[in-house]
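Residue-level structural notes
Given next are the chains, with one letter for each unit.
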Amino acid sequence: MDETLPTATVRTRVSVPLRFPDGYGTTALVHTFHGLVDGREHLAFGLGEHGRADPPLVRPHSECLTGDVFGSQRCDCGPQLREAVERIAEAGGYLLYLRQEGRGIGLYAKLDAYALQDGGLDTYEANLALGRGADERDYTVAAQMLAALGVDRVALLSNNPDKAAQLDRLGVTVADRVVTGVHLSPANADYLAAKVSRADHALDLPFVP
């Protein structure tokens, strides 16, 4: 481990039945935590036989109110969340729901970035134009949550190489990287293309706009 990881502990475990708009349902064991370094209310959803999977399938999923809740088509966050819950429930593991809206810049700033994208900037350029980082997410809390859950080795469900690099630096062994599906729509094609060209996301797009 290259960085000292502050200790977090599990605060509460509670069973929560989940149901998505398409009818898919499962039950999660939702964990809250003490001691997370940023003081935010992040959650770990234990799905399937999460205590037996070796390594567990884990997705750190950054909160996206517009996509996760309201079904915005400007990103692929909602479909990725839905896919992740089912795949993790089948394999056994954890969905880490991280309060890092807008790649860490917050909800209002994300919407400001959308306005700049409407003027021709891509999603990363828009963040920079606002004086923010292209991607400000920090996965220290994800590593803390996994440590509190007794997990130090994961199969990482993500297309983002930065998640794997940060977790590895924080002492979490990424035993396997598992890509998500491609949730392409006319409204998010430029967004997905930018993720591939600017951040090396593992997305097999049929074209690059």
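Sequence order as written defines residue numbering, which begins from 1 separately in each chain. Thresholds applied to this predicted model are a pLDDT of at least 70 for local features of residues and 80 or more for the giving and counting of side-chain atom pairs; totals over whole chains, interfaces and linings are not thresholded and use all residues. To obtain the side-chain values, all non-hydrogen atoms of the structure were included, while hydrogens and water were left out.

1. Overview of helix 6 (residues 161-169)
Quick note on the threshold: Summary of the burial criterion: residues with accessible area below 20% of their type's maximum are buried, those above 50% are exposed, and those between are partly exposed, where the area comes from a 1.4 Å probe applied to protein chains only. Runs of E in the DSSP output that reach at least two residues are strands. Runs of H or I that reach at least four are helices, and both are numbered from the N terminus. Relevant arc is that of directions from the helix axis to the C-beta atoms, nothing else. Between two residues, a contact is recorded if the distance between any of their heavy atoms is within 4.5 Å. Any N or O atom pair separated by 3.5 Å or less is treated as a polar contact, with the protein-specific requirement of one donor-capable and one acceptor-capable atom, and with residues adjacent in sequence counted only for side-chain atom pairs.
Considered for burial, the residues of helix 6 that qualify are Lys 163, Ala 164, Gln 166 and Leu 167. Burial along helix 6 is one-sided: seen end-on, the buried residues are contained in an arc of 170°. Residues of helix 6 that are buried make contact with strand 4 (57-62), helix 5 (140-148), strand 6 (153-157) and strand 7 (173-178). The N-cap of helix 6, judged by a side-chain oxygen 2.9 Å from the amide nitrogen of Asp 162 a few residues on, is Asn 160. The first or second residue beyond helix 6 is Gly 171, which carries a positive phi of 95°.

2. A few points about helix 5
Counting buried positions along helix 5 gives 7 out of 9 residues, so the element sits mostly inside the fold. Those residues of helix 5 not exposed but buried are Thr 140, Val 141, Ala 142, Ala 143, Gln 144, Met 145 and Leu 146. In the segment just after helix 5, Gly 150 is the residue with positive phi, at about 80°.

3. Regarding the sheet that holds strand 5 (residues 93-98)
Heads up, the rule is: Strand pairing requires that DSSP identify at least two bridges connecting the strands. Helix axes are fitted to C-alpha atoms over the stretch in contact, other axes to C-alpha atoms as well, and angles between N-to-C directions run from 0 to 180 degrees.
Taking strand neighbours across the sheet as the criterion, the 7 strands line up as 1-2-3-5-4-6-7 in an open arrangement whose pairing is mixed. The open sheet has two free edges, formed respectively by strand 1 (9-19) and strand 7, since each of these has just one partner strand. Sheet twist, expressed as the mean angle between neighbouring strand axes with direction ignored, is 30°. As defined by bridge partners, strand 6 adjoins strand 7 across 5 bridges and the pair is classed as parallel. Residue pairing for strand 7: Leu 156 is matched across the bridge by Arg 177.

4. A word on the environment of Glu 90
With respect to the helices and strands, the residue Glu 90 is situated in helix 2 (residues 77-91). Assessed through its relative accessible area of 63%, Glu 90 is described here as exposed. In the structure, Glu 90 is positioned 33 residues away from Leu 57 in sequence and 9.4 Å away in space, judged by C-alpha atoms.

5. Notes on the UniProt feature "active site" (unreviewed entry) in the protein chain
Note the following rule: UniProt positions are given in the numbering used here, feature names are shortened, and annotations may be inferred rather than shown by experiment.
Under the feature "active site" (unreviewed entry), the UniProt entry names Asp 135 and Arg 137. As for its position among the elements, Asp 135 is in the loop between helix 4 (123-129) and helix 5. Overall, Asp 135 belongs to the partly exposed group, its relative accessible area being 29%. Once you skip the residues sitting within four places of it in the chain, Asp 135 turns out to touch Arg 103 and Asn 160. Along the chain, Arg 137 turns up in the loop between helix 4 and helix 5. Its relative accessible area of 12% is what places Arg 137 among the buried residues. If sequence neighbours within four positions are ignored, Arg 137 has contacts with Ser 62, Gln 100, Arg 103, Gly 104, Asn 160, Lys 163 and Gln 166.

6. Quick word on the packing of aromatic side chains
Where we set the bar: Only the six-membered ring of Trp is used, alongside the rings of Phe and Tyr, when aromatic pairs are assigned; centres must lie within 6.5 Å, and planes under 30 degrees apart are stacked while those over 60 apart are edge-to-face, with the rest tilted. Here, a charge over a ring is recorded when the distance from Lys NZ or Arg CZ to the ring centre is within 6 Å and its angle to the ring normal is within 35 degrees.
Scanning the model with the defined rule gives 1 aromatic pair in all. Between Phe 20 and Tyr 24, the ring centres sit 6.3 Å apart and the planes meet at 35°, which makes this aromatic pair tilted. When its relative accessible area of 18% is taken as the criterion, Tyr 24 is described as buried. A cation over a ring is seen here: Arg 103 above Tyr 124, with NZ or CZ 4.2 Å from the ring centre.

7. Details of the pattern of salt bridges
Two side chains that carry opposite charge are able to pair once their charged atoms sit near each other. What counts, and what does not: By convention in these notes, a salt bridge is any Lys or Arg side-chain nitrogen within 4 Å of a carboxyl oxygen on Asp or Glu.
Counting across every chain of the model gives 10 salt bridges. Glu 101 is the salt-bridge partner of Lys 110, the closest N and O atoms lying 2.5 Å from each other. Note on accessibility: Lys 110 and Glu 101 belong to one class, buried. The residue Arg 132 makes a salt bridge to Glu 136 at a minimum N-O spacing of 2.9 Å. Using a relative accessible area of 31% as the deciding quantity, one classes Arg 132 as partly exposed. By relative accessible area, which is 32% here, Glu 136 ends up partly exposed. Among the charged side chains, a salt-bridge network with shared partners connects Asp 22, Arg 82 and Glu 86.

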